[in-house]
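Structural description and commentary
Below, each chain spelled out in residue letters.
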Amino acid sequence: MGLSPVWRLRRPAVAPGQASDGPDPQERGEATRDGVISSLGWDALKSRVANCTDCKLRAGCTQTVFGVGGERAQWMLIGEAPGADEDRLGEPFVGQAGKLLDNMLAAIGLRRGENAYIANVLKCRPPGNRNPEPDEVAACSPYLRRQIAVIQPKLILALGRFAVQTLLETDASIGSLRGRTHSYAGVPLVVTYHPAYLLRNPPDKAKAWADLRFAMQTVASLG
Ligand code: URA
């Protein structure tokens, strides 16, 4: 999936024949949105996300959902977007799928808020839990990239088709991507099924367990 830099679309249009305001902001030495976000410290990033209105989602959600966990977590788990429970409580994966995720983490000796950081590709709930749209992903991606850059996890576990396909910029199925190490923003990334999918398809929990073991081996091999 191509992640179009939508913020560029918001630059004032220049009418034909009218003098343009010059080259790219970067070439003019101005700070770009991505550039500004990529230099924020943790608290400033949190506050920027909390106040973000850069895509259409914020108008329809209760609050932004930044993420949960320690700034020094070795594992980072990334899902799709907040659902109704997360939108209400301001924390990712707090519904039924979240309970399963917590159990999966416990099975490999991890706990949310301690050695695992949990976040989503999108920080705002899409209305009616519809699929995120490309402009929303493009607007929100710099926040996730900065979270990863600050945390510097040893491993990212991408949860579910949307997160996997977005982070890896591919249309390939989870099945074809499992069992090997990929990379996102320079961090090793392992894919697995979304806990909500596993609730609907319990037999695939065995595959998710294999993915977790593979992820643990990957972390162990990194020293
Ligand atoms: N599904 C997700 O992908 N993320 C959440 O936070 C909750 C449900």
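Figured I'd write up the structure that's included with this text. (Residues numbered from 1 in each chain as written. Predicted model: local features only at pLDDT ≥ 70, side-chain atom pairs only at ≥ 80, totals over all residues. Heavy atoms only, no water.)

Our next topic: the site of the ligand. Around the ligand, a shell composed of Gly79, Glu80, Ala81, Glu86, Pro92, Phe93, Asn120 and His194 is seen. Separating an oxygen atom of the ligand from a backbone N or O atom of Glu80 is a distance of 2.7 Å. In isolation the ligand exposes 240 Å². Once the protein is present, 89% of that is buried. A breakdown of the residues in the shell around the ligand according to their chemical character gives three nonpolar, three polar and two charged. (Near = heavy atom within 4 Å. Polar contact = N/O pair within 3.5 Å; in protein donor to acceptor, adjacent residues only side chain to side chain. Areas by Shrake-Rupley, 256 points an atom, 1.4 Å probe, with all protein chains shown as cover. Nonpolar A, V, L, I, M, F, W, Y, C, P; charged D, E, K, R; others polar.)

This part is about helix α2 (residues 42-50). Buried residues of α2: Trp42, Leu45 and Val49, and no others. The arc that holds the buried residues of α2, viewed along the axis, is 60°, so those residues lie on one side. Its buried side turned inward, α2 meets α1 (33-37), β2 (116-120) and α5 (134-151). (Buried < 20%, exposed > 50% of the residue type's maximum accessible area, 1.4 Å probe, protein only. Helix = DSSP H or I, 4+ residues; strand = E, 2+ residues; numbered from the N terminus. Arc of directions from axis to C-beta. Contact = heavy atoms within 4.5 Å.)

Right, let's talk about the pattern of salt bridges for a bit. The final tally for this structure, using the stated rule, is 14 salt bridges. Ionic pairing is found between Arg48 and Asp54, a salt bridge with its closest N-O pair at 3.9 Å. One salt bridge in this structure joins Arg111 and Glu114, with 3.2 Å as the shortest N-O distance. A single salt-bridge network, built from bridges that share partners, covers Lys56, Arg130, Glu133, Asp135 and Glu136. (Salt bridge = Lys/Arg side-chain N within 4 Å of Asp/Glu carboxyl O.)

With that out of the way, let us pick up the nonpolar core. Core analysis: the biggest nonpolar cluster contains 60 residues, and Trp75, Met76, Leu77 and Val121 have the highest contact counts within it. Per element, the largest residue contribution to this core is seven residues, and it comes from α5. If we ignore the near neighbours within four places in the chain, the residues touching Val121 are Ile78, Gly79, Glu80, Val137, Cys140, Leu144, Phe162, Ala163, Thr166 and Leu167. (Core = buried A, V, L, I, M, F, W, Y, C linked by side-chain atoms within 4.5 Å.)

Counting buried residues along strand β5 (residues 187-192), five of its six residues qualify, which places the element largely inside the surrounding structure. Where strand β3 (residues 155-159) meets β5, four bridges bridge the pair, whose relative direction is parallel. When the sheet's bridge partners are listed, Ile156 is paired in β5 with Leu189. Inspection of the sheet shows strand β4 (residues 182-184) paired to β5 by three bridges, in the antiparallel sense. In the strand pairing of β5, Ser183 is matched with Pro188. Between β4 and β5, which pair antiparallel and follow one another directly, the connecting turn spans two residues, one of which, Ala185, has a positive phi of 50°. (Pairing = 2+ DSSP bridges.)

Across the sheet, five strands lie side by side as β2-β1-β3-β5-β4; this open sheet has mixed pairing. Of all the strands in the sheet, just β2 and β4 have a single pairing partner and so form its edges. Sheet twist, expressed as the mean angle between neighbouring strand axes with direction ignored, is 35°. In this sheet, β3 lies alongside strand β1 (residues 75-79) in parallel orientation, the contact comprising four bridges. Bridging across to β3, Ile78 finds its partner in Ala158. Helix-sheet contacts for α5 involve β1, β2, β3, β4 and β5, and the interaxial angle to β1 is about 170°. (Axes fitted to C-alpha atoms, helices over the stretch in contact; angles between N-to-C directions.)

Even without being glycine, Glu169 reaches a positive phi, approximately 50°. Within the fold, Glu169 resides in the loop between α6 (160-168) and α7 (174-177). Phi at Ala185 takes a positive value of approximately 50°, unusual for a residue other than glycine. You can see Ala185 is positioned in the loop between β4 and β5.

These results come straight from atomic positions and should not be treated as a statement about function.
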